[in-house]
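Summary of structural features
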Amino acid sequence: MNPTQLPAQKDLSERAYRVYSLATGVVIDHIPARKALQVVEVLGLATPGESILAVGINLDSKKMGRKDVIKIEHANLTDAGYHKIALIAPEATINILQDHKILKKFRVEIPADLRGLLVCPAGNCITNREPVESRFHYAHGRLTCHFCERRYTLEEVNLRV
Amino acid sequence: MGCDGKAFAGRSVISIRDFSKDDILAVLDVAERLEKNPQTLLAGKLLATLFFEPSTRTRLSFESAMTRLGGRVISVAEGGASSLAKGETVRDAARMAEKYADVLVIRHPVDGAARAAAEAVAVPVINGGDGANQHPTQTLLDLYAIQKCQGRLDRLTVAMVGDLKYGRTVHSLALALRFFSPKFIFVSPPSLRMPADILEELEDAHVGYEEADLLQKALATDIIYMTRIQKERFPDKDEYEKVKDAFVLDAAALADAKPTLRVLHPLPRVNEIAADVDRTPHAFYFEQAGCGIPVRQALLCLVLGVAP
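Residues numbered from 1 in each chain as written. Chains lettered and ligands numbered in written order. Predicted model: local features only at pLDDT ≥ 70, side-chain atom pairs only at ≥ 80, totals over all residues. Heavy atoms only, no water.

Focus: the overall build of chain B
To keep it simple, the criterion reads: Each helix is a run of DSSP H or I of at least 4 residues and each strand a run of E of at least 2, with the numbering of both proceeding from the N terminus. In this scheme, a residue with accessible area under 20% of its type's maximum is buried, one over 50% is exposed, and one in between is partly exposed, where area comes from a 1.4 Å probe on protein chains only. Throughout, a residue-residue contact means that at least one pair of heavy atoms, one from each residue, lies within 4.5 Å. To measure how exposed things are, a 1.4 Å probe is used in the Shrake-Rupley method; for residues, cover is taken only from the protein chains shown.
Check the secondary structure of chain B and you find eleven helices and nine strands. Taken along its principal axes, the extent of the C-alpha atoms in chain B is 55 × 45 × 40 Å. Residue burial in chain B is summarised as follows: out of 308 residues, 56% are buried. Across chain B, every contact between residues at least 6 apart in sequence was considered, and the portion connecting residues at least 24 apart equals 74%. Accessible surface, chain B as shown: approximately 12,500 Å² in total, 49% of it carbon and sulfur.

Re the environment of Leu304(B)
Residues and elements named next belong to chain B. Here Leu304 is to be found in the segment after helix H11 (292-303). Sequence separation of Leu304 and Asp130 is 174 residues, and the distance between their C-alpha atoms is 22 Å. Excluding residues within four positions of it along the chain, Leu304 makes contact with Leu42, Lys45, Asp102 and Val103.

A word on the interface of chain B and chain A
This is how it is decided: The term buried area denotes the loss of accessible surface (1.4 Å probe radius) that occurs when two parts are joined, taken as the sum for both partners. The salt bridge criterion pairs a side-chain nitrogen of Lys or Arg with a carboxyl oxygen of Asp or Glu, the two atoms within 4 Å.
Contacts between chain B and chain A engage 21 residues on the former and 15 residues on the latter. The junction of chain B with chain A conceals about 1,500 Å² of combined surface from both sides, 41% of it contributed by carbon and sulfur atoms. The largest per-residue losses of area from chain B upon contact with chain A belong to Val110(B), Asp111(B) and Arg115(B), which jointly make up 31% of the total buried on that side. Viewed at the interface, chain A and chain B are joined by five salt bridges. Arg151(A) serves as the salt-bridge partner of Glu200(B), at 2.8 Å between the closest nitrogen and oxygen.

Remarks on the environment of Leu50(B)
Here Leu50(B) lies in strand E1 (residues 46-51). For the pair Leu50(B) and Leu173(B), spaced 123 residues apart in sequence, the C-alpha separation works out to 24 Å.

Comments concerning the sheet that holds strand E1 (residues 25-32) of chain A
Residues and elements named next belong to chain A. Stated precisely, the cut-off is as follows: For two strands to be treated as a pair, DSSP must find at least two bridges joining them. Orientation is described by lines fitted to C-alpha atoms, with helices fitted over the stretch in contact, and by angles between N-to-C directions that extend from 0 to 180 degrees.
The sheet built from five strands is open, its strands ordered E2-E3-E1-E4-E5 with antiparallel pairing. Edge positions in the open sheet fall to strand E2 (53-61) and strand E5 (101-107), since each of these has one partner strand only. When the angles between neighbouring strand axes are averaged without regard to direction, this sheet yields 20°. Pairing between E1 and strand E4 (residues 93-98): five bridges, direction antiparallel. In the sheet register, Gly25 faces E4, and the bridge partner there is Leu97.

Here's the deal with the pattern of salt bridges
A full pass over the atoms with the stated rule returns 22 salt bridges over all chains. For Arg142(A), the salt bridge identified is with Glu200(B), shortest N-O distance 3.4 Å. One end of the pair, Arg142(A), is in strand E9 (residues 142-145); the other, Glu200(B), is in helix H8 (residues 196-204), on a second chain. Taking the relative accessible area as the measure of exposure, Glu200(B) reaches 27% and is therefore partly exposed.

Section: unusual backbone geometry
Residues and elements named next belong to chain B. Across the junction of Leu267 and Pro268, the peptide omega takes the value 0°, indicating a cis bond. Tracing the backbone shows Pro268 in the loop between strand E9 (262-264) and helix H10 (285-290). Within the chain, Arg155 stands out as a residue other than glycine whose phi angle is a positive 55°. Mapping Arg155 onto the fold places it in the loop between helix H6 (136-150) and strand E5 (157-161). The exposure class of Arg155 is exposed, given its relative accessible area of 59%.

Considering the state of the cysteines
Two cysteines joined by a covalent bond between their sulfur atoms form a disulfide. Residues and elements named next belong to chain A. Counted only if it meets this: Note on terminology: pairs of cysteine sulfur atoms within 2.5 Å are recorded as disulfides.
The final tally for this structure, using the stated rule, is zero disulfides over all chains. Its sulfur unpaired, Cys145 is 3.7 Å from the next cysteine sulfur, which belongs to Cys125. Taking relative accessible area as the criterion, Cys145 reaches 1% and is therefore assigned buried.

Focus on helix H1 (residues 36-43) of chain A
Residues of H1(A) that are buried: Ala36(A), Val39(A), Val40(A), Val42(A) and Leu43(A). Remark: Gly44(A) follows H1(A) within two positions and exhibits a positive phi of approximately 65°.

Observations concerning the pairing of E4(A)
All names here are of chain A. Most of E4 sits inside the fold, with five of its six residues counted as buried. In this structure, E4 lies alongside E5, joined through six bridges in antiparallel fashion. Residue pairing for E5: Thr93 is matched across the bridge by Arg107. In this antiparallel pair of consecutive strands, E4 and E5, the connection spans two residues, and Asp99 shows a positive phi of 50°.

As for the sheet that holds E1(B)
Residue and element names in this part refer to chain B. Pairing is parallel in the open sheet, where four strands are placed in the order E2-E1-E3-E4. Strands at the two margins of the open sheet, each flanked by one partner only, are strand E2 (72-76) and strand E4 (125-130). Ignoring strand direction, the axes of neighbouring strands in this sheet form an average angle of 15°. Bridge count for strand E3 (residues 103-108) against E4 is four bridges, and the pairing is parallel. The partner of Leu104 across the bridge, within E4, is Val125. Along the sheet, helix H4 (residues 90-97) makes contact with E1 and E3, crossing E3 at roughly 155°.

Remarks on the side chain of His30(A)
All names here are of chain A. Where we set the bar: Polar contacts, as used here, are pairs of N or O atoms within 3.5 Å; protein pairs need one atom able to donate a hydrogen and one able to accept it. Residues neighboring in sequence count only if both atoms are side-chain atoms.
Its place among the elements puts His30 in strand E1. By relative accessible area, His30 is classed as buried at 14%. A polar contact of 2.8 Å, which involves the side chain of His30, links it to the side chain of Thr93. Not counting the four nearest positions on each side in its chain, His30 is found in contact with Ser61, Lys63, Met64, Lys67, Asp68, Glu91, Ala92 and Thr93.

Below is the structure:
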């Protein structure tokens, strides 16, 4: 069956929450509900191109209750990309697919050292006053600015767009 | 504890958070040795001071420390301010200065400036104060002063009084003392309490503390560390008027204090320590200021790989 065709009427309720079935590319699963569009934005996924980008928002999840999913055809994400995903969706799982087979599956992790990804909220931090790349240390759920030494929760710090 | 100086060679002094307990003890040990036996260990070495904001005390203290060790100083006091006005980055200024000197001391109004500078150069950088962030040599001289007047650092009851919210010195000193099993009493107006993240770090280190808003709670301690409450910190001027005299220490308040209690202050003081305290045996703030010389000498020697 062509995955882009609508399912038969009798299958509709079973397939009501199925997102486009990806053959080759990257699936980002277990994104907290309604955060998928933030992931799309920070990764710059919605740029013009030939590849399909499918986004499922607020889907049922046994694990999370509700979740978002992103499927990117023919994609290759960098480590920085996975780190950005981890900052928005610390519980996300990544599936790398090739011809419908899962080549690799892993959980994202926030690394201990984050360079250039975040903006320090402190106005008087040197990273906001001079061309100094931001750097944060992550431990026990907290981010610490390497330069001004202030500590933040994940929610308090924005990704550099 | 002895220190052969090699462990610190080439290292920058940016934040008290970079110091382990052993590091602190090593610095204090060298400071004590230099104070007892002054030596011109840094003859032929050059210190450049880059002060992007004025601080006469800190600059003079470093200049005196280096000169008494036999070294020389080139000072970019006015130049630092004009460099800032021209928009030169602190890293560029440091890269220029490292060509002329063996060690740099930087004072800058922006948080994190000293670390940014240190990571751009090969010579050691000592942070003389960066915005509201760190002033590690002040913390180390405070520790040296406490050790001097109490004979130890371990298991002291330390009161910190005044502006605990914005006070860079009390934050750093609280963190440095956490290695030494202290008990803290934090006395301040309610709007100027010790910040939650500092309290959290103390809790992580299993350090006990109490918070109070009465000066009286500070008196049954070993150390009272006084700080100035600034009018500018109070958006509501009436609130400032209510509290400004509530945290003033005078000789009468100290009448029943134990004889070994000592009063410290990072100076300059305004009215938070009354002049009559100066004549009591509890006053130690001027001796504390004097501790800046051996401590800064110790740091200069250690980062240049020299020990007495």
